[in-house]
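As a plain string of letters, each chain reads:
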Amino acid sequence: MAISVERSFVVPRARSELVAYLEDFTHTEEWDPGTVSCVRLDDGPVRTGSRWRNTSRFRGRTTELAYELVAREPARLVFVGENKTVTARDDLTFRAEGTGTRLTYRATLTFKGVAGLAAPFLRTEFERLADEVAERLPAVAAARL
């Protein structure tokens, strides 16, 4: 069972600046309200195949996912995170709009095994988190870049 949420909003930064900021997944600590910590697991410049350990809190529980940057293009980033109960896919697309960038953020969570039974009951919570990302990310990116 999968849940997908999508938000589209304008960030007051050039596309190249915004992509450079978001491709380093450690920055989720700043803009993702669910992220407790995010640690890079490899060295060197961020590239396709770069990996992170993301610790998140959801409904009072802490969970870890191993994330990888699986697509890195000038106008698109895709991260896939996984643990024993869920696969998370964050697909970010970027398009210039005025003096800023329109970011379309789509998160898909695919639950494994018995965890899939809870998916229908979690949609509202994931929608709320997506709203918080849409509110928080533009302000954080504007201040940090």
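Note: the structure precedes this text.
Residues numbered from 1 in each chain as written. Predicted model: local features only at pLDDT ≥ 70, side-chain atom pairs only at ≥ 80, totals over all residues. Heavy atoms only, no water.

Trainee: What's the story with the overall build of the protein in this structure? I'm lost.
Mentor: Looking only at helices and strands, the protein has three helices and seven strands in total. Of the regular secondary structure in the protein, the N- to C-terminal order runs β-α-α-β-β-β-β-β-β-α. Relative to its length of 145 residues, the protein is compact, with a C-alpha radius of gyration of 15 Å against a globular reference of 15 Å. Counting only C-alpha atoms and orienting by the principal axes, one finds that the protein spans roughly 45 × 35 × 25 Å. Pairs at least 24 residues apart make up 49% of the contacts formed inside the protein by residues separated by at least 6 positions. (Helix = DSSP H or I, 4+ residues; strand = E, 2+ residues; numbered from the N terminus. Rg over C-alpha atoms; globule rule 2.2 N^0.38 Å. Contact = heavy atoms within 4.5 Å.)

Trainee: Help me out: how do you make sense of the sheet that holds strand 4 (residues 61-73) in this one?
Mentor: One key point about sheets: their strands pair by backbone hydrogen bonds, in either a parallel or an antiparallel sense. The strand order across the open sheet formed by seven strands is 1-7-6-5-4-3-2, and the pairing between neighbours is antiparallel. For this open sheet the edge positions go to strand 1 (2-11) and strand 2 (35-40), each flanked by a neighbour on one side alone. Neighbour-to-neighbour, the strand axes of the sheet open up by a mean angle of 20°, direction not taken into account. Bridge count for strand 5 (residues 76-82) against strand 6 (residues 86-97) is seven bridges, and the pairing is antiparallel. Considered in strand 6, the bridge of phenylalanine 79 is made with aspartate 90. Contacts from helix 1 (residues 15-22) reach strand 1, strand 4, strand 5, strand 6 and strand 7 (100-111), with the element oriented near 165° to strand 6. (Pairing = 2+ DSSP bridges. Axes fitted to C-alpha atoms, helices over the stretch in contact; angles between N-to-C directions.)

Trainee: Any chance you could explain the pattern of salt bridges here in plain terms?
Mentor: Two side chains bearing opposite charge may form a pair once their charged atoms approach each other closely. Tallying each qualifying case throughout the model produces eleven salt bridges. Linking lysine 112 and glutamate 82 is a salt bridge whose minimum nitrogen-to-oxygen distance equals 2.7 Å. Of this pair, lysine 112 sits in the loop between strand 7 and helix 3 (119-144) while glutamate 82 sits in strand 5, and the two are 30 residues apart along the sequence. Overall, lysine 112 belongs to the partly exposed group, its relative accessible area being 27%. Here the salt bridges do not stand alone but share partners, grouping Arg7, Glu127 and Asp131 into one network. (Salt bridge = Lys/Arg side-chain N within 4 Å of Asp/Glu carboxyl O. Buried < 20%, exposed > 50% of the residue type's maximum accessible area, 1.4 Å probe, protein only.)

Trainee: I would appreciate a short explanation of the packing of aromatic side chains in the present structure.
Mentor: Two measures describe an aromatic ring pair: the distance that separates the ring centres and the angle between the ring planes. One pass over the structure, following the stated rule, counts six aromatic pairs. Between tryptophan 31 and tyrosine 105, the ring centres sit 5.9 Å apart and the planes meet at 85°, which makes this aromatic pair edge-to-face. With tryptophan 31 in helix 2 (residues 28-31) and tyrosine 105 in strand 7, the pair connects residues that are 74 residues apart, well separated along the chain. Both residues of the pair, tryptophan 31 and tyrosine 105, belong to the buried class. Judged by centre distance (6.4 Å) and plane angle (50°), the rings of phenylalanine 111 and phenylalanine 126 are tilted. Highlighted residues: phenylalanine 111 in strand 7 and phenylalanine 126 in helix 3, separated in sequence by 15 residues. This pair shows no difference in class: phenylalanine 111 is buried, exactly as phenylalanine 126 is. Grouping aromatic residues by their ring pairs yields a cluster made of Phe25, Trp52, Tyr67 and Phe79. (Phe/Tyr/Trp six-rings, centres within 6.5 Å; stacked < 30°, edge-to-face > 60°.)

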